[in-house]
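Residue-level listing of the chains:
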Amino acid sequence: MARDIIDIEEGLPHEVAEVLCLCGHRWIAVYPEQTLLKELECPNCHKIGRVFKTGQSVEQEGKQ
């Protein structure tokens, strides 16, 4: 019998922010609100702990 896999993080509030890695790579990151920036991995250099928010606001649909 096949069972559906339920992603428990799907229902958690998420953060959407423009971030920048110390390597110079900039992107829009989407991650659970409780995740610390030091836990994010750069998709360019693949290093963890070098990411910071740029301060640029990113509007989310349905969030007020």
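Nothing here was measured: the structure is a model prediction, and the numbers come from that model.

The three strands lie next to each other as β2-β1-β3, forming an open sheet whose pairing is antiparallel. The sheet terminates laterally at β2 (26-32) and β3 (51-53), the two strands that pair on one side only. Looking at each pair of strands side by side, their axes are set apart by 50° on average, direction ignored. Looking at chain direction, strand β1 (residues 14-21) and β3 are connected through three bridges and run antiparallel. Residue pairing across strands places C21 opposite V51, the latter belonging to β3.

So, on to unusual backbone geometry. Positive phi values are uncommon outside glycine, yet H46 reaches one of about 65°. Tracing the backbone through its elements, the reader meets H46 in the loop between β2 and β3. With a relative accessible area of 51%, H46 lands in the exposed category.

Basis of the calculations
Residues numbered from 1 in each chain as written. Predicted model: local features only at pLDDT ≥ 70, side-chain atom pairs only at ≥ 80, totals over all residues. Heavy atoms only, no water. Pairing = 2+ DSSP bridges. Helix = DSSP H or I, 4+ residues; strand = E, 2+ residues; numbered from the N terminus. Axes fitted to C-alpha atoms, helices over the stretch in contact; angles between N-to-C directions. Buried < 20%, exposed > 50% of the residue type's maximum accessible area, 1.4 Å probe, protein only.

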